[in-house]
Amino acid sequence: MCRHLAYLGPPVALSSLLFAAEHGLAHQAWAPRDMRGGGTINADGFGVGWFPSAGGSPLRYRSAMPIWSDAALPALAAASASGAILAAVRSATVGMPVVETAAAPFVHDRWLFSHNGVVRGFPGTLAPAAASLPIEDLLTLDAPTDSAALFALIRHRLRAGKTAEEAVAGVVSEMSDIAPGSRLNLLLTDGERIVATTVGHSLSIRTTADAVLVASEPLDDHPGWRPVPDRHLLTATPSDVTMGEL
Ligand code: GLN
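Description of the structure in this document.

About the thresholds
- Residues numbered from 1 in each chain as written.
- Predicted model: local features only at pLDDT ≥ 70, side-chain atom pairs only at ≥ 80, totals over all residues.
- Heavy atoms only, no water.
- Near = heavy atom within 4 Å.
- Polar contact = N/O pair within 3.5 Å; in protein donor to acceptor, adjacent residues only side chain to side chain.
- Areas by Shrake-Rupley, 256 points an atom, 1.4 Å probe, with all protein chains shown as cover.
- Helix = DSSP H or I, 4+ residues; strand = E, 2+ residues; numbered from the N terminus.
- Nonpolar A, V, L, I, M, F, W, Y, C, P; charged D, E, K, R; others polar.
- Salt bridge = Lys/Arg side-chain N within 4 Å of Asp/Glu carboxyl O.
- Buried < 20%, exposed > 50% of the residue type's maximum accessible area, 1.4 Å probe, protein only.

Quick word on the site of the ligand
Move 1: Taken together, twelve residues lie around the ligand, and Cys-2, Arg-90, Ser-91, Thr-93 and Gly-117 are the ones closest in.
Move 2: In this structure, Cys-2 approaches the ligand through a main-chain N or O atom, which is 3.1 Å from a nitrogen atom.
Move 3: Contacts to the ligand include Asp-146, whose side-chain N or O atom sits 2.9 Å from a nitrogen atom.
Move 4: Taking 290 Å² as the accessible area of the ligand by itself, protein coverage stands at 99%.
Move 5: Listing elements by their share of the shell around the ligand, those giving two or more residues are strand 6 (111–118) and helix 6 (146–159).
Move 6: Here the shell around the ligand gets three residues from one element, more than from any other, and that element is strand 6.
Move 7: Tallied by class, residues from the shell around the ligand come to four nonpolar, six polar and two charged.

Encoded structure:
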């Protein structure tokens, strides 16, 4: 169910993560290796968000089509380089619309967000949490999906002054209580740090001297990839990674 990744470090071409890597995101879209809990391929859309310059605003390109079917993307991805990238390929949860606006990353201000998983019992289970949101946030959801609603809940906590870690961990804990059995692998970045969770799905991390890459599945066979244990919260910058139980 969905595959996603986030990168921070020296600028790299988007294509290095999407296409050039042996098991890059486009390969993970049609030949994923670790789709825990359902789904076979990720053909219900894709998206990539990136910061063209440090400190600037993010750009996003997304589509409801399979990533391998977009004729414009390979050249666009080869020509665009960035030091902060978040990308995803989607396998829509049954009952949720297959539309461009349901494809991650979701974007607000400097934040890029992706969700790999499902909120069990959506929308009923999520409704009590959504009741705390300003009506305007509900009226401007990107799509009527669990992932878009989770981003609204996280943004609300950020607005209230929570740190990214607090906002993400708080929403995961609330969802785990009100919608048991939910799968909540979240990725959030502001271009400076990545906050990620593992609840029910795979995630791996690879660090080098000046970069960090977090992905649903390793992009290649390099021995430097490490799996992130389930039910963990990870915060990563190019120079520092912290990980703890949720
Ligand atoms: N539930 C989300 C959606 O339908 C994410 C799906 C997934 O991880 N496969 O968009």
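Here the narrative resumes, following the displayed structure.
Here we look at the pattern of salt bridges
Move 1: Overall, the coordinates contain seven salt bridges when judged by the stated rule.
Move 2: Close ionic contact of Arg-60 with Asp-142 constitutes a salt bridge, the shortest N to O distance being 3.9 Å. Of this pair, Arg-60 sits in strand 3 (residues 59–63) while Asp-142 sits in the loop between helix 5 (135–139) and helix 6, and the two are 82 residues apart along the sequence.
Move 3: Given the relative accessible area of 32%, Asp-142 is considered partly exposed.
Move 4: With its nearest N and O atoms 3.9 Å apart, the salt bridge here joins Arg-193 to Asp-190.
Move 5: The network of salt bridges with common partners includes Arg-60, Arg-62 and Asp-142.

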